[in-house]
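Structural overview for review
Below, each chain spelled out in residue letters.
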Amino acid sequence: MAAPLRFDGRVVLVTGAGGGLGRAYALAFAERGASVVVNDLGGDMKGVGKGSSAADKVVEEIRRKGGKAVANYDSVEAGEKLVKTALDAFGRIDVVINNAGILRDRSFSRISDEDWDIIHRVHLRGSFLVTRAAWDHMKKQKFGRIIMTSSASGIYGNFGQANYSAAKLGLLGLSNTLAVEGSKNNIHCNTIAPTAGSRLTQNILPGDLLDALKPEYVSPLVLWLCHESCEENGGLFEVGAGWIGKLRWERTLGAIARQKNQPMTPEAVKANWMKICDFDDASKPKTIQESMSGLVEVLSEINANGRVSTNNTSHTATAATSGFTGAIGYKFPPFFATYSELEAIMYALGVGASVKEPKDLKFIYEGSSDFSPLPTFGVIIAQSCLMGGGLAEIPGLSVNLAKILHGEQYLELYKPLPRSGKLKCEAVVADILDKGSGLVILLDVYAYSDKDLVCYNQFSLFLVGAGGVGGKRTSDKAKASAAIPSRPPDAVVTDTTSLNQAALYRLSGDWNPLHIDPNFASMAGFDKPILHGLCTFGFSARHVLQRFADNDVSRFKAIKVRFSKPVYPGQTLQTEMWKEGNRIHFQTKNLETGDIVIANAYVDLVSSSGTAAQAPTEDGKLQSTFIFEEIGRRLKNMGLDVVKKVNAVFEWHITKGGNTAAKWTIDLKNGSGKVYRGPAEGSADTTFILSDEDFMEVVLGKLDPQKAFFSGRLKAKGNIMLSQKLQLILKDHAKL
Ligand code: NAI
């Protein structure tokens with residue numbers, strides 16, 4: 001059996017404890033070891049008169065049973081005096097049960113000022129005064145438990161009780177805020193709406209019920225809520241007859257009734273009324289932050305869409321349940337990322353490169369002989385597809401931009417980034433995973449300089465609250481993170497971020513106000529603006545490059561990180577690193593909090609002898625490269641003939657280790673035909689995706705392309721019939 005809940009050493013003040021529910025609480029607390037102040041003014045149920053006998057009787061009853069109790073006969077309106085009684089008699093105050101109450105029932109138009117005021121003075125103001133008198137003592141001792149007594153008539157309304165209902169629900173508001181303010185000092189405040197037979201209900205409840213609904217069926221909840229082991233805070237409970245239920249707020253998904261840059265009209269409200277009042281899939285906001293963040297989402301949705309939402313504005317992203325057809329494989333319109341030395345330097349400063357470190361000069365001074373962007377500048381090249389609201393355009397997926405978390409990041413470089421450049425970027429939704437609590441979008445972004453693939457990024461974006469739609473949980477497209485070794489780290493670098501770190505980092509293009517605007521950050525539930533996850537990522541990668549590659553950017557191959565906790569500007573980052581061959585595992589800690597902020601991460605380096613750490617995907621190592629080059633050479637000799645015969649453009653995505661390592665186009669449609677690296681300049685008639693190894697097998701005649709297609713080793717999109725003609729070309733002209 002569970003250990004009994006005891007209150008030895010605790011001092012409990014119960015107001016209105018001379019009868020009814022208060023008496024039951026006082027007896028129960030005393031029976032379990034508490035010292036109890038039994039307060040009661042001793043008037044009638046309308047608040048007229050006073051006397052000491054009600055409180056005295058209960059004190060006697062407690063003492064008779066061996067318990068500790070003292071009486072107090074003040075009105076709760078003299079809150080300080082009640083608490084003083086506790087301090088004088090027992091030296092402390094741990095628990096306050098605001099229970100005293102009276103009734104002045106009248107239909108609304110007959111309520112006098114006096115009826116209104118006295119109800120508010122006893123219930124609401126009395127609870128305020130008693131609790132305020134105890135508050136600082138509770139804060140100092142870092143413990144306090146408070147109960148507010150509300151009523152079903154406040155929650156639901158009740159004929160003839162307008163004054164009482166208003167005061168009783170006022171107590172819930174008071175409790176809600178005390179729960180927020182008290183939690184950091186272990187002061188919990190909860191509210192009950194009891195039903196029990198007492199003198200207050202004797203004229204309301206039928207006789208049988210009056211006897212059956214014993215106060216002893218309410219007091220156990222009050223005791224539990226006030227026990228030191230109870231974590232509940234800010235709860236509201238209906239309780240009676242031995243039954244207890246918890247209440248919470250529910251909010252419809254609602255509707256946006258406003259267009260960007262347009263006045264809002266009552267007609268738009270009317271048009272959306274059904275949706276505004278539709279409780280299907282309603283949300284249950286628990287905090288004011290959750291409630292407010294809904295509004296932040298609305299603002300971003302209106303700004304992003306610029307139109308009235310005809311769909312629900314769920315305040316979370318909603319996903320089509322159709323397996324995300326249309327979304328997976330969706331290609332963003334290609335875009336160009338242009339940068340000069342200025343952007344590269346700004347980024348390096350944003351991730352902490354400094355003149356303090358002489359070897360950093362090459363990242364921040366364009367006049368250095370070996371000037372180069374940091375390898376992780378590759379994420380900046382790719383990120384602009386996310387910044388313009390492009391995610392909202394993905395078909396079959398309703399993405400709420402304010403509910404996106406950056407979960408993980410992978411970056412692979414195929415060659416060091418040029419010191420300045422104009423890179424063509426192609427972004428594609430590689431896959432969508434359903435993690436229950438949210439969806440993960442795997443967004444692959446390829447950046448090309450002319451036809452050369454320079455870098456590849458995979459953003460894992462977590463859409464909070466959008467999951468649970470029955471999608472798959474894993475994907476072979478996802479770049480996996482890797483657990484860190486269990487031994488102590490081989491190297492540790494610490495770096496203190498500056499208070500301006502996020503202000504500086506955002507100049508590289510992530511303008512999210514979460515990182516600079518205190519109001520926005522507080523609406524999102526943070527104490528102050530947080531650092532960009534990718535800024536911490538840049539710090540850590542710099543540390544790895546510094547310690548294990550002597551800042552040689554040509555040795556950087558790839559990086560994978562998982563973002564696990566936020567960092568505030570000004571906090572200190574500690575990167576812990578482990579060398580395992582050419583892979584440097586790492587994790588990054590926030591030294592102030594001890595939190596791991598980047599987990600299960602690694603950097604793959606190219607060994608100083610030039611061998612890549614992992615499966616090489618450098619284009620130079622692809623066997624298919626030689627074939628395409630050879631086909632190109634031969635095509636020059638064949639010219640128009642073949643172009644006429646085939647009349648099609650074929651695009652190839654050659655993969656290595658699951659990643660697209662190169663793209664090639666065989667254009668047998670335009671001019672006299674040509675073969676070149678990179679995606680088709682116009683549009684391709686057919687696109688083939690297969691591994692470098694399978695490509696070789698097909699060319700060498702060892703793998704039948706049809707079989708490869710049906711077994712999934714070769715994927716083809718577009719006009720698949722045209723591939724027949726291509727087979728001829730490969731067979732006749734590759735011949736290697
Ligand atoms: P009760 O009348 O038996 O107990 C209330 C006690 O508060 C009385 O002993 C009274 O003398 C005392 N009191 C009144 N004004 C006071 C003041 N200014 N200072 C100090 N003590 C004062 O009534 P019951 O039913 O035990 O009510 C307890 C609390 O529960 C009240 O706040 C009431 O509004 C609330 N409540 C009770 C329900 C029920 O079904 N019994 C339903 C909903 C709420």
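1. Points about the site of the ligand
Around the ligand sit 29 residues, and of these Leu 21, Asp 40, Asn 99, Tyr 164 and Ser 198 come closest. Leu 21 places a main-chain nitrogen or oxygen 2.8 Å from an oxygen atom of the ligand. Contacts to the ligand include Val 76, whose backbone N or O atom sits 3.1 Å from a nitrogen atom. Burial of the ligand by the protein chains amounts to 95% of its free accessible area of 810 Å². Within the residue set of the shell around the ligand, elements represented by two or more residues are helix H1 (20-31), helix H4 (113-141), helix H6 (162-182) and strand S6 (187-195). Its residues placed into classes, the shell around the ligand shows 10 nonpolar, 15 polar and 4 charged.

2. Concerning helix H17 (residues 533-549)
Helix length check: H17, at 17 residues, gives a terminal C-alpha distance of 23 Å against a target of 24 Å (1.5 Å per residue), a fit within 8%. Along H17, 14 of the 17 residues are buried, which leaves the element largely enclosed by surrounding structure. Downstream of H17 by one or two residues, Asp 550 has phi in the positive range, about 50°.

3. Things to note about the sheet that holds strand S12 (residues 404-413)
Pairing between the strands of a sheet comes from backbone hydrogen bonds, and it takes one of two forms, parallel or antiparallel. Strand order in the open sheet made by the 10 strands is S10-S13-S14-S15-S12-S17-S20-S19-S18-S16, with antiparallel pairing throughout. Every other strand in the sheet has two partners, leaving strand S10 (335-339) and strand S16 (491-496) as the edge strands with one partner each. Along the sheet, successive strands turn relative to each other by an average axial angle of 20°, direction set aside. Examined bridge by bridge, S10 and strand S13 (residues 421-434) share 5 bridges and lie antiparallel to one another. Note that in S13 the partner of Phe 335 across the bridge is Cys 425. Across the sheet, helix H14 (residues 378-387) lies against S10, S12, S13, strand S14 (438-449) and strand S15 (452-464), angled at about 55° from S15, the strand it touches most.

4. Some words on the pattern of salt bridges
According to the stated counting rule, one finds 34 salt bridges in the structure shown. Across the pair Glu 77 and Arg 121 runs a salt bridge whose closest N-O atoms are separated by 3.0 Å. A residue pair is termed long-range when its members are at least 10 positions apart, and Glu 77 in the loop between strand S3 (68-72) and helix H3 (79-90) and Arg 121 in helix H4 qualify at 44 residues. By relative accessible area, which is 30% here, Arg 121 ends up partly exposed. Measuring nitrogen to oxygen at the nearest pair gives 3.9 Å for the salt bridge that ties Arg 104 to Glu 114. On the criterion of sequence distance, the pair formed by Arg 104 in the loop between strand S4 (95-98) and H4 and Glu 114 in helix H4 is long-range, its members being 10 residues apart. Taken together, the shared-partner salt bridges connect Arg 10, Arg 92, Asp 94 and Glu 228 into one network.

5. Some remarks on the sheet that holds strand S5 (residues 144-149)
If you walk across this open sheet you meet the 8 strands as S3-S2-S1-S4-S5-S6-S7-S8, and the pairing is mixed. The two strands at the open ends of the sheet, each matched to only one other strand, are S3 and strand S8 (243-247). For this sheet, the mean angle separating the axes of adjacent strands, direction not counted, is 20°. Pairing of S6 with strand S7 (residues 236-240), which is carried by 5 bridges, proceeds in the parallel orientation. By the bridge assignment for S7, Pro 194 is matched with Val 239. Strands in contact with H6 are S5, S6 and S7; relative to S6, the strand with the most contacts, it is inclined by about 155°.

6. A word on the pairing of S6
With 8 of 9 residues buried, S6 is to be regarded as a mostly interior element. Where S5 lies against S6, 6 bridges are found, and the strand directions are parallel. If you follow Met 148 over to S6, its bridge partner there is Thr 191.

7. Points about a nonpolar patch on the surface
A cluster of nonpolar side chains, Ile 288, Met 292 and Leu 295, forms an exposed patch at the surface whose accessible area comes to about 280 Å². For Leu 295, a relative accessible area of 48% translates into the label partly exposed.

8. A word on the environment of Lys 725
Structurally, Lys 725 is set in helix H22 (residues 723-734). Judged by its relative accessible area of 33%, Lys 725 is partly exposed. C-alpha separation for the pair Lys 725 and Ser 607, spaced 118 residues apart in sequence, amounts to 43 Å. Lys 725 has contacts with Lys 645 and Val 646, leaving out every residue within four places of it along the chain.

9. Comments concerning the side chain of Asn 272
Position of Asn 272 among the secondary structure elements: in the loop between helix H9 (266-271) and helix H10 (273-276). On the basis of relative accessible area, Asn 272 is assigned to the buried category, the value being 12%. Polar side-chain contacts of Asn 272 include one of 2.8 Å to the backbone oxygen of Ala 268.

10. Brief notes about a positive patch on the surface
On the surface, Lys 331, Lys 477, Lys 715 and Lys 717 cluster together into a positively charged patch. As for its placement among the helices and strands, Lys 477 is situated in the loop between S15 and S16. The partly exposed category is assigned to Lys 477, whose relative accessible area is 39%.

11. Remarks on the side chain of Glu 238
Mapping Glu 238 onto the fold places it in strand S7. At a separation of 2.4 Å, a polar atom in the side chain of Glu 238 contacts the side chain of Tyr 156. If sequence neighbours within four positions are ignored, Glu 238 has contacts with Tyr 156, Ala 193, Trp 243, Ile 244, Gly 245 and Leu 247.

12. Notes on the pairing of strand S1 (residues 11-14)
Side chains Val 11 and Leu 13 of S1 all project onto a buried face; the interleaved residues Val 12 and Val 14 project onto the opposite face, where all are buried too. In terms of strand pairing, S1 meets strand S2 (residues 35-39) through 4 bridges, oriented parallel. Note on S2: the bridge partner recorded for Val 14 is Val 38. A crossover links S1 with its parallel partner S2, the connecting element being H1, and its sense is right-handed.

13. A short note on the confidence of the model for the protein chain
Here the protein chain averages 88 in pLDDT, while 92% of its residues score no lower than 70. This model gives residues 306-322 a pLDDT under 50, and the stretch forms 51 contacts once residues within four places in sequence are excluded. The low-confidence segment residues 609-619 (pLDDT under 50) makes 26 contacts with residues lying over four places distant or belonging to another chain.

14. Things to note about the packing of aromatic side chains
Within the structure shown, the criterion is met by 13 aromatic pairs. The interplanar angle of 10° and the centroid separation of 4.9 Å between the aromatic rings of Phe 628 and Trp 664 together place this pair among those described as stacked. Of this pair, Phe 628 sits in helix H18 (residues 623-638) while Trp 664 is found in strand S22 (residues 659-668), placing the two residues 36 residues apart along the sequence. Of the two residues, Phe 628 and Trp 664, neither departs from the other in class, the shared state being buried. Grouping aromatic residues by their ring pairs yields a cluster made of Phe 628, Phe 650, Trp 652, Trp 664, Phe 688 and Phe 695. Sitting over the ring of Tyr 410, Lys 479 keeps its end group 4.9 Å from the ring centre. Of note, Lys 663 hangs over the ring of Tyr 446, and the distance from its end group to the ring centre comes to 4.9 Å.

The rules we used
Residues numbered from 1 in each chain as written. Predicted model: local features only at pLDDT ≥ 70, side-chain atom pairs only at ≥ 80, totals over all residues. Heavy atoms only, no water. Near = heavy atom within 4 Å. Polar contact = N/O pair within 3.5 Å; in protein donor to acceptor, adjacent residues only side chain to side chain. Areas by Shrake-Rupley, 256 points an atom, 1.4 Å probe, with all protein chains shown as cover. Helix = DSSP H or I, 4+ residues; strand = E, 2+ residues; numbered from the N terminus. Nonpolar A, V, L, I, M, F, W, Y, C, P; charged D, E, K, R; others polar. Expected span 1.5 Å × (residues − 1). Buried < 20%, exposed > 50% of the residue type's maximum accessible area, 1.4 Å probe, protein only. Pairing = 2+ DSSP bridges. Axes fitted to C-alpha atoms, helices over the stretch in contact; angles between N-to-C directions. Contact = heavy atoms within 4.5 Å. Salt bridge = Lys/Arg side-chain N within 4 Å of Asp/Glu carboxyl O. Patch = residues over 30% accessible without salt bridge, like charges linked within 9 Å, V, L, I, M, F, W, Y side chains within 5 Å. Lys, Arg positive; Asp, Glu negative; His and termini not counted. Charge placed at Lys NZ, Arg CZ, Asp CG, Glu CD. Right-handed = clockwise from strand over helix to strand, strands pointing away. pLDDT = per-residue confidence, 0-100. Phe/Tyr/Trp six-rings, centres within 6.5 Å; stacked < 30°, edge-to-face > 60°. Lys NZ or Arg CZ within 6 Å of the ring centre and 35° of its normal.

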